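Reading the structure
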Amino acid sequence: MAEVHLWGALRPIVGGALSVSVEAKNIRELFKVLAEQYPAFEPHLQRGIAVSINGKIYRDTWDQALPPDAEIYLLPRIPGG
Amino acid sequence: MPLDTNFTNQKFKQVGTRPLRPDGVDKVTGRAKYGADYNAPGQLIALVLRSPHAHAKIKKIDTSKAEKLPGVKAIITSADLPDLTGGDRGMRDMLENCMARKKVLYDGHAVAAVAAIDQTTARKALKLIQVDYEILPHVTDVDEALKPSAPVIHNDIFTEGVEPKPTKPSNNNKRASFGHGDIAQGFKDADIIVEHTYKTEQTHQGYIEPHACVANVSPDGQGELWVCTQGHFVYRNQCAALLGMDISKLRVTASEIGGGFGGKTHIWAEPLALALSRKANRPVKLTMSREEVFRCSGPTSSTSIDMKIGAKRDGTITAAHGVLRYHGGAFPATWAEFGAMTAFACYDLKNVKSESIEVIVNRPKTAAYRAPSAPMAAFAVESAVDELAKKIGMDPVELRIKNAAKQGTQSSYGPVYGPIGIGATLEAAKNHPHMKAPLGKNQGRGMACGFWFNFGGQTCADLNVTPDGTVTLAVGTIDVGGSRASIGLMAAEELGIPYENVRVVVADTSSLGHNDMTDGSRGTFSTGLATIAAARNAIKVLCARAAKMWDIPEDAVIWEDGHAKPAGTNAGNFPPLSIKEIAAAAGNTGGPIAGHNELVADGAGVSFATHICDIEVDPETGRSTVKRYTVIQDAGKAIHPSYVEGQYQGGAAQGIGWALNEEYIYGKDGRLQNAGFLDYRIPVCSDLPFIDTMILEIPNPNHPYGVRGVGETSIVPPLAAIANAMSNAVGVRMTHIPMSPPRVLKAISNRKH
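In this report, we go over the structure that sits alongside the text. (Residues numbered from 1 in each chain as written. Chains lettered and ligands numbered in written order. Predicted model: local features only at pLDDT ≥ 70, side-chain atom pairs only at ≥ 80, totals over all residues. Heavy atoms only, no water.)

Tallying secondary structure elements over chain A gives two helices and five strands in all. Counting from the amino terminus, chain A carries its helices and strands in the arrangement β-β-α-α-β-β-β. With respect to the principal axes defined by its C-alpha atoms, chain A has extents near 35 × 25 × 20 Å. For chain A, with 81 residues in total, the buried portion stands at 54%. For chain A, contacts bridging at least 24 residues in sequence account for 46% of all contacts bridging at least 6. For chain A, the accessible area works out to roughly 3,700 Å², and carbon and sulfur atoms hold 52% of it. Taking the average place of the 8 positive charges on the side chains of chain A and the average place of its 9 negative ones, the gap between the two points comes to 8 Å. (Helix = DSSP H or I, 4+ residues; strand = E, 2+ residues; numbered from the N terminus. Buried < 20%, exposed > 50% of the residue type's maximum accessible area, 1.4 Å probe, protein only. Contact = heavy atoms within 4.5 Å. Areas by Shrake-Rupley, 256 points an atom, 1.4 Å probe, with all protein chains shown as cover. Lys, Arg positive; Asp, Glu negative; His and termini not counted. Charge placed at Lys NZ, Arg CZ, Asp CG, Glu CD.)

As structure tokens, then:
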């Protein structure tokens, strides 16, 4: 079970909680489960969410495993200049 | 293929040297082809009719007179660009920004476009198009737009990120927050608190080359686009989607680029050129004027930021709180959110909160600008931190060192940091000779820190060994700052051949798989990763071919210094085979020799910088002159140090312009007053001192050579560094950027009275 921390814009979707517990083995599964449990995640996922796993930010590697007890943060997918 | 990232104490033969860039001769001799340098036989010239109003309903567009003008071959309005976006709000906004639909949303918004046999005819045609507008109230100021009395620009925008969801539309499309701890308690624990509202005005990236393209769409549905862009694959995908074309049918070739800095990551006029070409059945050239670039491409946000930071008398920051309001122009965006993410990232804070408020105004659609959103946030934070140091009576560098984030710090945006370089840049600043140099009359010294994320993205590279053993390398990221040289160095390093034997080209979209844009400081990082992997794949092939030539097993061959060698005495006693010899024999050992790679380059690693600035202020006129400027930044590993230094200097120069002079000025009528370089003043060489640089190399553990992106972070600290220098020079704390002479003079005058 991964503890997934949310930034402020996502918290209203889960009733204001700072984080949610999700059973997922990798980023792909994490997004799938979040969209199933909280349909309001869908537009955010479509716009793009990055996932920080133990401090390393993944934007595209959805196969990336979520190790047990990993520190996981969902973050906006930032643009660049 | 997983890359070996064991870079520790790696010895390089070519990486870290400073050869000439492959595009250098063409650029200094005028041979290089930029966007407007392309021409196609029979091409038409396109011009765009733009709204003179900041906000208005389009009641009717009558193009009939213009259509009858001899020489006019096609006219388009939004009717020629049906909405094919399938409910995708981002794409729909992009379409509407390219061509207004029911309303014009800003001064300069396109309403129609003409393709004619020449510019004179096209200009005449524009004058014959009649647009019937119903003028609506407008708002161009970021704070005014949030007031209940402000005209609501989109009636389908309801603030996202708040509960309960609003029932009334507004100009605030989103709110978000980041942080941890208890800021209320943190401020209670503080001995000293600094609190101000800071404002920054809208600036343009100021690239010298205006947007330009030539579009050519055939009746069979195939199309070509030659264009100046930071991302030709992304332009291809977006244009094809908006025009209902198969992506594979549109081939996009990127020109050399005369600056982008984020402003060429969005499509603006390219879909119009393609639609005109499709309608006229002729190639169409569309080049924006400088005025159009200012009025209707994508400048950055203007901002308004409430900043509050508290500290103990020993300099320990106990709490930090920022509320950041950024506008996205006339469309919903999330620029404030990125500002909120970066604002406090340099510091190790127990109690921190940054809140973002996104605002919609009647200005052009905001685009990314080098480390988008970070410079404005850093201006507020670093100004407040500096004032805090003054109030405490502590050296501002020491205060920052005391509170600097380090490995293991929980960042203000959430995750815990790995190895990072903020502390090292601060220590380097503290010990830099610049900090001890004497200052003259009316001169002051300031310093500030900055942070940017960097990222990687989808990337591929295609390396081919030619029959004479030299190498061609096709990449998909636009070279905005010397990346072809850096990528060539990495290929040469891996293959063990001279840099001069590698030719790097930016391939068109039909020659290579999809590549994301050159943004996020990703060019050298991500295409470098793909290149290293492609070269290693080619080396495997080279070794296999040598094995055939020697008739020994493939795994009995190793690659060293550009040669295949037997792995040991048991493999046989053969003299090394050079890449030239293996390439010459390729036709009889299996055919062409190549190495490819496709990857998503996650793990770019965050970046930090510290800047030091000396300015002199003329108290009679308020004019400021930058006397000395030093950039200290972590590059991870500088592949080509000259181009790393160039990025540091370029970012600082742009930041200096932003800090001191650059500003979009809108009249009460909502029209832009200064759409040209005479009235919108970017710094030229004579305005700037030599910008000194110091490259730190704290390797990124996610890259085989330790590379981090370097392109953007250098624009983050200048606004605050200069404001802090101004405070030390003439004793005025400027909270409004730009610190233009009239504003500074007013502040000096207010202080005296």
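A tally of regular secondary structure across chain B gives 18 helices and 27 strands. For chain B, the C-alpha radius of gyration of 27 Å lies close to 27 Å, the compact-globule estimate for 753 residues. Along the first, second and third principal axes, the C-alpha set of chain B runs to 90 × 75 × 55 Å. Here chain B holds 753 residues, and 63% of them are scored as buried. Of the contacts formed within chain B by residues at least 6 apart in sequence, a portion of 79% connects residues at least 24 apart. Total accessible area on chain B stands at roughly 27,300 Å², and carbon and sulfur atoms take up 51% of it. Of the side-chain charges in chain B, 79 are positive and 77 negative, and the distance between the mean point of each set is 5 Å. (Rg over C-alpha atoms; globule rule 2.2 N^0.38 Å.)

To continue, consider the packing of helix 11 (residues 396–403) of chain B against helix 12 (residues 422–431) of chain B. Residues and elements named next belong to chain B. Remark: helix 11 packs on helix 12, axes separated minimally by 10 Å, with the N-to-C direction vectors making an angle of 160°. Comparing their axes, helix 12 and helix 11 come out roughly antiparallel. Helix 11 and helix 12 meet at a crossing whose hand is left-handed. Within the contact between the two elements, helix 11 uses Val397, Glu398, Arg400 and Ile401 and helix 12 uses Leu426, Glu427 and Lys430. For the contact of helix 11 with helix 12, a count of residues per class yields three nonpolar, no polar and four charged. (Axes fitted to C-alpha atoms, helices over the stretch in contact; angles between N-to-C directions. Parallel < 35°, antiparallel > 145°, perpendicular 65-115°, else oblique. Left-handed = near helix turned anticlockwise from the far one by under 90°. Nonpolar A, V, L, I, M, F, W, Y, C, P; charged D, E, K, R; others polar.)

Within a pair of aromatic rings, the relevant descriptors are the distance that separates the centres and the angle that separates the planes. Residues and elements named next belong to chain B. A complete count under the given rule lists 20 aromatic pairs over all chains for this structure. Look at Tyr38 and Trp226: their rings are 6.4 Å apart centre to centre, the planes differ by 25°, and that puts the pair in the stacked class. Pair noted here: Tyr38 is in the loop between helix 1 (24–29) and strand 1 (44–50) and Trp226 is in strand 10 (residues 223–227), with a separation of 188 residues, a long-range link. Neither Tyr38 nor Trp226 differs from the other in exposure class; each is buried. (Phe/Tyr/Trp six-rings, centres within 6.5 Å; stacked < 30°, edge-to-face > 60°.)

All names here are of chain B. Across its 28 residues, helix 14 (residues 523–550) extends 39 Å between first and last C-alpha, which sits within 8% of the 40 Å expected from 1.5 Å per residue. Burial runs high along helix 14: 22 of the 28 residues are buried. Of the residues flanking the end of helix 14, it is Asp551, one or two places downstream, whose phi is positive at about 60°. (Expected span 1.5 Å × (residues − 1).)

With that settled, consider the interface of chain A and chain B. Taken together, the contact between chain A and chain B spans 24 residues of the former and 40 residues of the latter. Both sides together, the interface formed by chain A and chain B hides about 2,400 Å², and carbon and sulfur atoms give 61% of it. Sorting the residues of chain A by area buried against chain B places Ile78, Pro79 and Gly81 of chain A first, and these three jointly supply 24% of that buried surface. There are one salt bridge connecting chain A and chain B. As a salt-bridge pair, Glu160 of chain B and Arg47 of chain A come within 2.8 Å of each other at their nearest N and O atoms. Inspection of the chain A/chain B interface yields ten residue pairs in polar contact (both at pLDDT 80 or more). The set of elements that each furnish at least two residues to the side of chain A that touches chain B consists of helix 2 (42–47), strand 4 (56–58) and strand 5 (72–76) of chain A. Counted by class, the side of chain A that touches chain B contains ten nonpolar, seven polar and seven charged residues. (Buried area = accessible area lost by both parts, 1.4 Å probe. Salt bridge = Lys/Arg side-chain N within 4 Å of Asp/Glu carboxyl O. Polar contact = N/O pair within 3.5 Å; in protein donor to acceptor, adjacent residues only side chain to side chain.)

This part covers unusual backbone geometry. Residue and element names in this part refer to chain B. The linkage connecting Glu163 with the following residue, Pro164, adopts the cis geometry, with an omega of -5°. Tracing the backbone through its elements, the reader meets Pro164 in the loop between strand 6 (130–135) and strand 7 (172–180). At the junction of Ile737 and Pro738, the peptide bond is cis and its omega measures out at 10° in the coordinates. Relative to the elements of secondary structure, Pro738 occurs in the loop between strand 27 (736–737) and helix 18 (741–752). Backbone geometry at Ser373 places phi at a positive 80°, although glycine is not the residue there. Inspection of the secondary structure assignment puts Ser373 in the loop between strand 15 (352–359) and helix 10 (374–392).

Our next topic: the pairing of strand 3 (residues 49–53) of chain A. Residue and element names in this part refer to chain A. Burial within strand 3 is extensive, with five of its five residues counted as buried. Side chains Ile49, Val51 and Ile53 project from strand 3 onto one buried face, and the interleaved Ala50 and Ser52 project onto a second face that is buried too. Note: strand 3 against strand 5, five bridges, orientation antiparallel. Along strand 5, the bridge assignment pairs Ser52 with Tyr73. In terms of strand pairing, strand 3 meets strand 4 through three bridges, oriented antiparallel. Across the sheet, the residue bridging to Ser52 is Ile57, located in strand 4. Hairpin connection, strand 3 to strand 4: the antiparallel pair is bridged by two residues, and Asn54 has positive phi, about 50°. (Pairing = 2+ DSSP bridges.)

All names here are of chain B. The final tally for this structure, using the stated rule, is zero disulfides over all chains. Here Cys98 is not disulfide-linked; the sulfur of Cys239 is the nearest cysteine sulfur, at 7.4 Å. The exposure class assigned to Cys98 is buried, which follows from its relative accessible area of 3%. Not part of a disulfide, Cys613 finds its nearest cysteine sulfur in Cys449, a span of 14 Å. (Disulfide = S-S within 2.5 Å.)

On to helix 12 of chain B. Residues and elements named next belong to chain B. Residues of helix 12 that are buried: Ile422, Thr425, Leu426, Ala428 and Ala429. One face of helix 12 carries all of its buried residues, which in axial projection span an arc of 160°. On the buried face of helix 12, the contacting elements are helix 11, strand 16 (443–452), strand 24 (607–617), strand 25 (624–634) and strand 26 (691–696). (Arc of directions from axis to C-beta.)

Residue and element names in this part refer to chain B. One open sheet accounts for three strands, arranged 20-21-22; its pairing is antiparallel. A single partner strand is all that each edge strand has here, and the edge strands are strand 20 (557–560) and strand 22 (577–578). Taken together, the four bridges between strand 20 and strand 21 (residues 563–566) define a ladder with antiparallel strand orientation. By the bridge assignment, Ile558 is partnered in strand 21 with Lys565. Across the face of the sheet, helix 14 comes into contact with strand 20, strand 21 and strand 22 while running at roughly 125° to strand 20.

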